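Results of the structural survey
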Amino acid sequence: ASTPLQGLPTGNNPRTMFFVVDYEDVTNNEWAGLAYGKAQRNRAFGLTLDGDEDDLSVQGWSAVHDRPTDIDGVIDANSGQQRGFISHAVVYDGTTYTHYLNGVEIDSGNKNYNTVVERLALGQNLNGGETPMSIAAAFIYDRALIQDEFNAVENYIQETYLTGTSNTAPNAVNDPAVGNE
């Protein structure tokens, strides 16, 4: 028996996601990464690689609802080399999404999501299509982290998975409306 997914933000509720991933070259036109929801228009949310262009994107499911960037997730434009592991993140406050690569904002805009929790996918698209990648970590918060919290998690990711050595857990303060759960 399977356990239903619980605690993931639904509808248009705020959320924050971090995905520590090494996206490999995509040739199969799949949009895959860290996503949850339902494989229907505007019923999903996630951080993916656009399998058509290798661009980093915030997924909402379908061209109208996806928010691709012009930032290649596989090849670093400055060095011409494969990026290797990166921190791919998004903060959504219920109105505006802000999209990050290694802690630096790469895109933002207004979007109204209607996420339905049906499935959680890592390394896949919600319809099951797979994309080659290596995954180090995934974090999903049920609210929009404030800048200090975002920076603390990003620093933890950088030190733990990308650049340094640290065993200090990230510190995101509990939402006072929810309590210390």
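Above this text you will find the structure in question.
Remember, predicted model here, so these are calculated numbers, not experimental data. (Residues numbered from 1 in each chain as written. Predicted model: local features only at pLDDT ≥ 70, side-chain atom pairs only at ≥ 80, totals over all residues. Heavy atoms only, no water.)

Here the focus is the pattern of salt bridges. The final tally for this structure, using the stated rule, is three salt bridges. Between Lys38 and Glu118 there is a salt bridge, with the nearest N and O atoms lying 3.9 Å from each other. Here the residue Lys38 occupies a position in the loop between strand S2 (32–37) and strand S3 (44–50), and Glu118 occupies one in the loop between strand S8 (104–110) and strand S9 (119–124), the gap between them amounting to 80 residues. The exposure class of Glu118 is exposed, given its relative accessible area of 52%. (Salt bridge = Lys/Arg side-chain N within 4 Å of Asp/Glu carboxyl O. Helix = DSSP H or I, 4+ residues; strand = E, 2+ residues; numbered from the N terminus. Buried < 20%, exposed > 50% of the residue type's maximum accessible area, 1.4 Å probe, protein only.)

Glancing now at the sheet that holds strand S6 (residues 86–92). Taken in spatial order, the five strands of this open sheet run S8-S7-S6-S1-S10, and their pairing is antiparallel. The open sheet has two edge strands with one neighbour each: S8 and strand S10 (133–141). Direction aside, neighbouring strands of the sheet carry axes that sit 15° apart on average. Here strand S1 (residues 15–23) runs beside S6; their pairing, made up of seven bridges, is antiparallel. Looking at the pairing, Val21 lines up with Ile86 of S6. (Pairing = 2+ DSSP bridges. Axes fitted to C-alpha atoms, helices over the stretch in contact; angles between N-to-C directions.)

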